[in-house]
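# Remarks on the overall topology
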Amino acid sequence: ATPTSIMVGTGRAAELGVLFRQGDALQSLHDVRTVALDKTGTLTEGRPELTDMIASDGFAQTEVLQSVAALEASSEHPIAQAIVRKARLEGLELPDVAEFQSITGYGISGRVNGKTVLVGADRLMTRESVALDTAKTTGDALGHEGKTPLYVAIDGQLAAVIAVSDPIKQGTPEAISALHELGLTVAMITGDNKGTADAIARRLGIDTVVAEVLPDGKVSAIEQLAQEAGPIAFVGDGINDAPALARADVGIAIGTGTDVAIEAADVVLMSGDLAGVVNAINVSQRTMTNIR
Ligand code: ADP
Ligand code: MG
């Protein structure tokens, strides 16, 4: 590509709110066959709401919510914010927490009111030898609706199943359709529950799902997708997306995301709207075909 055509291309992209931090990303993007996207905060708003709470027999719903929210008040995960918001809305006082621990990719634990409380994915319960019994069926059903099921254990007993739901961002369905029209394969990479991820992918017509990925597993997910389907672009917003953004043939960060993600990316979208991904690819294809 000539320096002039690259300059024209990056200029046109900038007018569309797409910043190419490196000119050669215009060329790499033209070769991309697969676009993989992070789920939370990229395909979805990243602002979940607590939608369901089913307490086990012998556990009072309000007390469980109070303990869980107390614990989540120390976590920065969007799930935590959803739960704390709900507890405040119900006017609950949050008791003190001791021995708070965040187990990345699994959930959180700590001591509240003299009891050990665990909140997180089913794999946290498995890891801590908490029996899920019928709660698993409840959680799977919630996952099937596209909600994220969370399990609560108090002193080793399954105390409740909670679900949070994160709305799909405006513009996401149109962007996925446009990527398909360009002949690209669309994939989703997420740390979330497999059932939840599958339900959302079905709704959006996403071709490939890689779910229950641990925070340091996104890079290997990218490498595997690239091996199966050729050059790959990855779109993400979070701190834990940074290594995958750097590893992908083209890393595309959402400008409203974290600084770490933006710094690791080749392309930055000024707005959160995924139409930016489509615009970036359109500009790269036009630039490259004018040259050839
Ligand atoms: P993602 O960003 O895709 O949600 P994470 O690795 O941050 O991926 O989280 C993976 C899973 O771990 C979540 O879907 C949830 O089940 C559990 N988890 C993480 N943090 C928390 C938390 N603060 N409270 C409850 N569950 C959590
Ligand atoms: Mg994210």
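Numbering of residues starts from 1 in each chain and follows the order in which that chain's sequence is written. Starting at A for chains and at 1 for ligands, labels are handed out in the order in which the entities are written. Restriction of local features to residues with pLDDT of at least 70 applies here, the model being predicted, together with a cutoff of 80 or more for giving and counting side-chain atom pairs; totals for whole chains, interfaces and linings are based on all residues.

## Considering the sheet that holds strand 6 (residues 115–120)
Taken in spatial order, the six strands line up as 3-8-7-6-5-4 in an open sheet, and their pairing is antiparallel. A strand with exactly one partner marks an edge of an open sheet, and here the two such strands are strand 3 (49–55) and strand 4 (97–103). For this sheet, the mean inter-axis angle between neighbouring strands, taken without regard to orientation, is 20 degrees. Between any two strands, pairing holds if DSSP finds at least two bridges. Only DSSP runs of H or I with at least four residues qualify as helices, and only runs of E with at least two residues qualify as strands; both kinds are numbered from the N terminus onward. As defined by bridge partners, strand 7 (residues 148–154) adjoins strand 8 (residues 157–165) across seven bridges and the pair is classed as antiparallel. Bridge pairing in strand 8 places Ala153 opposite Leu158. Contacts from helix 5 (residues 78–89) reach strand 3, strand 7 and strand 8 within the one sheet, and its direction differs from that of strand 3 by about 70 degrees. Lines fitted to C-alpha atoms define the axes, with helix axes restricted to the stretch in contact, and inter-axis angles between N-to-C directions lie between 0 and 180 degrees. Once C-beta atoms have been placed from the backbone, residue pairs whose C-beta atoms lie within 7 Å are recorded as contacts.

## Details of the domain arrangement of the chain
Each domain's extent was defined by an automatic or database domain assignment. Domain annotation for the chain reports domain 1 (3–45 + 168–291) and domain 2 (49–165). For domain 1 versus domain 2, the distance between C-alpha centres works out to 32 Å. Opposite the eleven residues of domain 1 that make contact, domain 2 presents twelve residues. For the side of domain 1 that touches domain 2, the element with the most residues is helix 9 (residues 194–204), which contributes five residues.

## What about helix 8 (residues 172–181)?
Every C-beta atom is placed from the backbone, and the number of other C-beta atoms within 10 Å of a residue's own sets its class: buried at 20 or more, exposed at 12 or fewer, partly exposed in between. Within helix 8, burial applies to Thr172, Ala175, Ile176 and Leu179. One side of helix 8 carries all its buried residues, which in axial view fall inside an arc of 100 degrees. Where helix 8 ends, the next residue or the one after it, Gly183, has phi of about 85 degrees, a positive value. It is the directions from the helix axis to the C-beta atoms that the arc portrays.

## Brief notes about the environment of Ile200
Position of Ile200 among the secondary structure elements: in helix 9. Spatially, the C-alpha atom of Ile200 lies 21 Å from that of Ile83, the residues being 117 residues apart in sequence. Among residues more than four places away in sequence, those in contact with Ile200 are Lys39 and Gly146.

## As for the site of ligand 1
Being near a molecule or strand means, for a residue, that its C-beta atom, positioned from the backbone, comes within 6 Å of it. Looking at ligand 1, there are 20 residues lining it, with Ser75, His77, Gly107, Ala121 and Gly191 nearest. At the level of elements, helix 3 (39–43), helix 5, strand 5 (107–112), strand 6 and strand 7 are the ones that each hand at least two residues to the shell around ligand 1. Note that Gly is not counted as nonpolar here; it falls among the polar residues with everything else outside the nonpolar set of Ala, Val, Leu, Ile, Met, Phe, Trp, Tyr, Cys and Pro and the charged set of Asp, Glu, Lys and Arg. Among the residues making up the shell around ligand 1, the classes are represented as eight nonpolar, nine polar and three charged. Built from parts of two domains, the shell around ligand 1 gets at least three residues from each of domain 1 (3–45 + 168–291) and domain 2 (49–165).

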